Amino acid sequence: MSLPSVRRVAVLGGTRIPFARSDGPYATSSNQDMLTAVVDGLVERYGLRGEGAVGELVAGAVLKHSRDFNLAREVVLGSALDSRTPAYDLQQACGTGLQAVVAVANKVMLGQVESGIAGGSDTASDAPLGVNDELRRVLLAARRATSLGGRLRALGGVRPRHLVPDIPRNAEPRTGLSMGEHAAVTARKWGITRAAQDELAAASHQRLAAAYERGFMDDLVVPYAGLTRDQNLRPGSTVERLGRLKPVFGVAGGGATMTAGNSTPLTDGAAVVLLGSDEWAAGRGLEPLAHLVACETAAVDFVHGDVAGDEDGLLMAPAYAVPRMLERAGLGLDDFDFVEVHEAFASQVLATLAAWEKQGLGTVDRERLNVAGSSLATGHPFAATGARIVATLAKLLAERGRPGRGLISVCAAGGQGVTAILERQEA
């Protein structure tokens, strides 16, 4: 048996719903609702109805209910896709969407599928509430009891404090610090100023607003629940206006610089990307926007980094992934027409850029950075962000009408990073 040859992987398009602030328009929408909406939008836009139209669906969510079991497959069954389309879930915190793209791309490269859909969905509004752990232990003891008396004795241990639910916290289990508090530590270590953060945040809003105004988002965003644009978008954002906000992270340490304006809000939303082989695309009359040509993941020991004083902060893994990927590809930062760095926090973006410069990769021209806005303006539904970035970057490369490259860098909880390269080649 001969081994399959490695094929090119085309990015053919993407669809997302407008991202919404938590407890807003999507407060009653589930992960499945939102993910189904974007899959249906993709099916409609790219004519993906019919038997075997798509090889598989890979998607995930970070905040999942027990009802989200087999989420991707349930989305297939509830969407306009052929019900015989295989699907599976994937989760790597904020890197989920991009990692799902990589998973589908690997199968396309090896000829295991001709096409696939990748992405993710997350809702901070509909976050799962867990049973109080002490109450859970009481209930399990009652279930294990072999007599009615034993069950009653176990249930007799229920106390009022047991009725308080366990609410998900945006904190790292190993440190107890929130992502924002970790980012504040990194900001201090790298000397990231408040002014620089507010400047980056203002640019993100202004650029996203400009992208909507010129129609760039028209075939990337489908209306949902009354929204046609990202709810977090503030077109009038300026450094001066952002400068009036009070710091919210790193306040206890003094010299705090991180505010609600230069940090992403809790967000609800979903996004997907269509990938395929060049042959499959040609057979369906679809022109590739770009090709996925490289990817790299990395992780840092933030537990002994942030805590012990090293530079390996929670969100700094892309500072290691990108140099490795560029070395393998034989490229430098100057070889990229666009650089997309996920904006979990403005301080994290700036620290990442500083780390690349410190490693000798050079500087990133701000005119090439997040040119259509990014997470500070759109918001950040954890598992959806990677797919949003891939679709946006692929379209940016395609509309130039000539060869070019784009770099993607996504930081993730747990001290991880997922990165990739898209390339637009000669027709």
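Everything here concerns the structure above.
Residues numbered from 1 in each chain as written. Predicted model: local features only at pLDDT ≥ 70, side-chain atom pairs only at ≥ 80, totals over all residues. Heavy atoms only, no water.

Caption draft 1: Focus on unusual backbone geometry. Phi is positive for alanine 93, which is not a glycine, with a value near 50°. Inspection of the secondary structure puts alanine 93 in the loop between β4 (87-89) and α3 (96-109). Since its relative accessible area comes to 12%, alanine 93 is described here as buried. Non-glycine residue asparagine 370 carries a positive phi angle of around 45°. Positionally, asparagine 370 belongs in the loop between α12 (346-358) and α13 (375-378). (Helix = DSSP H or I, 4+ residues; strand = E, 2+ residues; numbered from the N terminus. Buried < 20%, exposed > 50% of the residue type's maximum accessible area, 1.4 Å probe, protein only.)

Caption draft 2: Expanded view of the pattern of salt bridges. All chains considered together, the criterion is met by 19 salt bridges. For the salt bridge of arginine 84 with glutamate 51, the shortest nitrogen-to-oxygen distance reads 4.0 Å. Taken together, the residues arginine 84 in the loop between α2 (71-78) and β4 and glutamate 51 in the loop between α1 (31-46) and β3 (57-60) connect sequence positions 33 residues apart. Each member of the pair, arginine 84 as well as glutamate 51, carries the same accessibility label: exposed. Residue arginine 207 is joined to glutamate 367 by a salt bridge in which the shortest nitrogen-to-oxygen separation is 4.0 Å. With a gap of 160 residues between them, arginine 207 in helix α7 (residues 194-213) and glutamate 367 in the loop between α12 and α13 connect regions that are remote in the sequence. Residue classification places glutamate 367 among the exposed residues on the basis of a relative accessible area of 59%. (Salt bridge = Lys/Arg side-chain N within 4 Å of Asp/Glu carboxyl O.)

Caption draft 3: Focus on empty space enclosed by the protein. Tallied over the full model, the rule gives three cavities of 30 Å³ or more. Here the largest cavity is characterised by a volume of approximately 50 Å³. Along its surface, the largest cavity is lined by His182, Ala183, Thr186, Ala187, Leu315, Met316, Ser347, Gln348 and Ala351. Elements with a minimum of two residues in the lining of the largest cavity: α6 (179-190) and α12. (1 Å grid on protein atoms, 1.4 Å probe; cavity = no way out; pocket = protein on both sides within 12 Å on 5 of 7 lines; lining within 4 Å. Points joined across faces, edges and corners; volume = space filled by probe spheres on them.)

Caption draft 4: Just the packing of aromatic side chains, in detail. One pass over the structure, following the stated rule, counts two aromatic pairs. A ring pair is formed by tyrosine 26 and tyrosine 224, whose centres lie 5.0 Å apart and whose planes are at 75°; its orientation type is edge-to-face. With tyrosine 26 in the loop between β2 (20-21) and α1 and tyrosine 224 in the loop between α7 and α8 (239-242), this pair connects stretches of sequence that are 198 residues apart. A ring pair is formed by phenylalanine 249 and phenylalanine 345, whose centres lie 5.8 Å apart and whose planes are at 85°; its orientation type is edge-to-face. Of this pair, phenylalanine 249 sits in strand β6 (residues 247-249) while phenylalanine 345 sits in the loop between β10 (338-341) and α12; the two residues are 96 residues apart in sequence, bridging distant segments of the chain. A cation sits over an aromatic face here: arginine 16 above phenylalanine 19, 4.6 Å from the ring centre. Its guanidinium or amino end placed over the ring of phenylalanine 216, lysine 395 lies 4.6 Å from that ring's centre, counting from NZ or CZ. (Phe/Tyr/Trp six-rings, centres within 6.5 Å; stacked < 30°, edge-to-face > 60°. Lys NZ or Arg CZ within 6 Å of the ring centre and 35° of its normal.)

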